[in-house]
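Listed below, chain by chain, are the residues.
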Amino acid sequence: MTMDKELAQLLKAGALHYGKDLSERQISQFFIYMELLKEWNQKMNLTAITDDREIVVKHFIDSMSILPHIKDEKLRLIDVGTGAGFPGIPLKIINPDLDVTLLDSLDKRVKFLNEVIKAAGISGNNEISEIKAVHGRAEDYGMNPQHREKYQIAVARAVANLPVLLEYCLPFVKINGIFIAMKGSNTEEIDNSVKALDILGGKITKIENLELPATNIERNVVVVGKFRQTPTKYPRKAGKPAKEPLI
């Protein structure tokens, strides 16, 4: 597969901005991912972003923006409502030691994710640090003993408003773990999250305002620490968190 030198350079510079030096193999894995994204996008709606440069900046480098909050060790991470695999797949390509679960409610998307994992060769070489895509809703998986409070990190990118996201994601996080919400430039929903944080056992420890490198695109990364167990009645039944958010 031919790699566009300029795009490869952009990708490398983006990773360096967040303290990571990409190998040729990692760059090639990103390119395989991009080609499959464009190919599958013709059959199903995965992304509105189809220009190569925009994919690199708004999907790949954007996914990297939370790297400073992820320690370089064998951590378990769940990407809730991963969609086309962001940020979970880029995080796994960059940090092969991460054990990543990609959770999505659409079976067709899960098939796409599995294809990327296989084609890009990022499945991990042992059971400790694998990557797998699973089909299901956050409300159901959050109640499942195999997943509930089993992850050091939960991440979500543009899935829902923060009070709703907290109910989706905090049940997955171990005590002393973190949930990272990737948000756009608007932060007013943070003010509406006081009640949800209090009920679910979370506390905002950092709000990082940033611009994506080589752009003027503004983002906010909200880091929520989990300091006590989430009460067993949360998350509520599928559909309830979105219909009746904890505000």
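Conventions used here
Residues numbered from 1 in each chain as written. Predicted model: local features only at pLDDT ≥ 70, side-chain atom pairs only at ≥ 80, totals over all residues. Heavy atoms only, no water. Helix = DSSP H or I, 4+ residues; strand = E, 2+ residues; numbered from the N terminus. Buried < 20%, exposed > 50% of the residue type's maximum accessible area, 1.4 Å probe, protein only. Areas by Shrake-Rupley, 256 points an atom, 1.4 Å probe, with all protein chains shown as cover. Lys, Arg positive; Asp, Glu negative; His and termini not counted. Charge placed at Lys NZ, Arg CZ, Asp CG, Glu CD. Pairing = 2+ DSSP bridges. Axes fitted to C-alpha atoms, helices over the stretch in contact; angles between N-to-C directions. Contact = heavy atoms within 4.5 Å. Parallel < 35°, antiparallel > 145°, perpendicular 65-115°, else oblique. Left-handed = near helix turned anticlockwise from the far one by under 90°. Nonpolar A, V, L, I, M, F, W, Y, C, P; charged D, E, K, R; others polar. Phe/Tyr/Trp six-rings, centres within 6.5 Å; stacked < 30°, edge-to-face > 60°. Lys NZ or Arg CZ within 6 Å of the ring centre and 35° of its normal. Core = buried A, V, L, I, M, F, W, Y, C linked by side-chain atoms within 4.5 Å.

Draft legend 1. Region of interest: the overall build of the protein chain. Scanning the protein chain from N- to C-terminus turns up 10 helices and seven strands. Principal-axis analysis of the C-alpha atoms gives the protein chain an extent of 50 × 35 × 35 Å. Every one of the 247 residues in the protein chain was classed for burial, and the buried ones make up 55%. Total accessible area on the protein chain stands at roughly 11400 Å², and carbon and sulfur atoms take up 48% of it. Charged side chains in the protein chain number 34 positive and 32 negative. The centres of these two groups are separated by 6 Å.

Draft legend 2. Summary view of the sheet that holds strand E5 (residues 173-183). Here seven strands make up an open sheet; going across it, the order is E3-E2-E1-E4-E5-E7-E6 and the pairing mixed. The sheet terminates laterally at strand E3 (131-135) and strand E6 (202-211), the two strands that pair on one side only. The mean angle between the axes of side-by-side strands here comes to 20 degrees, regardless of whether they run parallel or antiparallel. The strands touched by helix H3 (residues 52-64) are strand E4 (151-157), E5 and strand E7 (218-226); relative to E4, the strand with the most contacts, the crossing angle is about 150 degrees.

Draft legend 3. Helix H7 (residues 162-169), seen in detail. Most of H7 sits out of view: eight of its eight residues are buried. Among the residues of H7, those classed as buried are Leu162, Pro163, Val164, Leu165, Leu166, Glu167, Tyr168 and Cys169.

Draft legend 4. Local environment of the packing of helix H2 (residues 24-41) against H3. Their axes nearest at 11 Å, the elements H2 and H3 cross at an angle of 120 degrees. Considered as vectors, H2 and H3 are oriented oblique to each other. For the crossing formed where H2 meets H3, the hand is right-handed. Each of Phe30, Tyr33, Met34, Leu37 and Lys38 in H2 lies in contact with H3, whose residues at this interface are Asp52, Ile55, Val56, His59, Phe60 and Met64. Class assignment for the residues of the contact of H2 with H3 results in eight nonpolar, one polar and two charged.

Draft legend 5. View of the pairing of strand E1 (residues 76-80). Most of E1 sits inside the fold, with four of its five residues counted as buried. Direction of pairing for E1 relative to strand E2 (residues 99-104): parallel, over a ladder of five bridges. Following the sheet pairing, Ile78 is matched in E2 by Thr101. Strand direction decides the pairing type here: E1 and E4, joined by three bridges, are parallel. By the bridge assignment, Asp79 is partnered in E4 with Val155.

Draft legend 6. Spatial organisation of the packing of aromatic side chains. Summed over the entire model, instances satisfying the criterion amount to six aromatic pairs. Ring centres of Tyr33 and Phe86 lie 5.3 Å apart, and the angle between their planes is 25 degrees; this geometry places the pair in the stacked category. Taken together, the residues Tyr33 in helix H2 and Phe86 in the loop between E1 and helix H4 (88-94) connect sequence positions 53 residues apart. Each member of the pair, Tyr33 as well as Phe86, carries the same accessibility label: buried. Pairwise contacts between aromatic rings join Phe30, Tyr33, Phe60 and Phe86 into one cluster. The ring of Trp40 is capped by Lys43, whose NZ or CZ atom sits 4.4 Å from the centre of that ring.

Draft legend 7. Inspection of the nonpolar core at higher detail. Leu11, Phe60, Met64, Ile70, Ile89 and Phe112 are the most contacted members of the largest nonpolar core, which has 57 residues in total. For this core, the leading source of residues is H2, giving eight residues. Beyond its immediate stretch of four places on either side in the chain, Ile70 contacts Leu75, Leu77, Leu91, Leu98, Ile153 and Ile180. Listed in part, the 29 residues of the second largest apolar core include Ile78, Val134, Ala138 and Tyr141.

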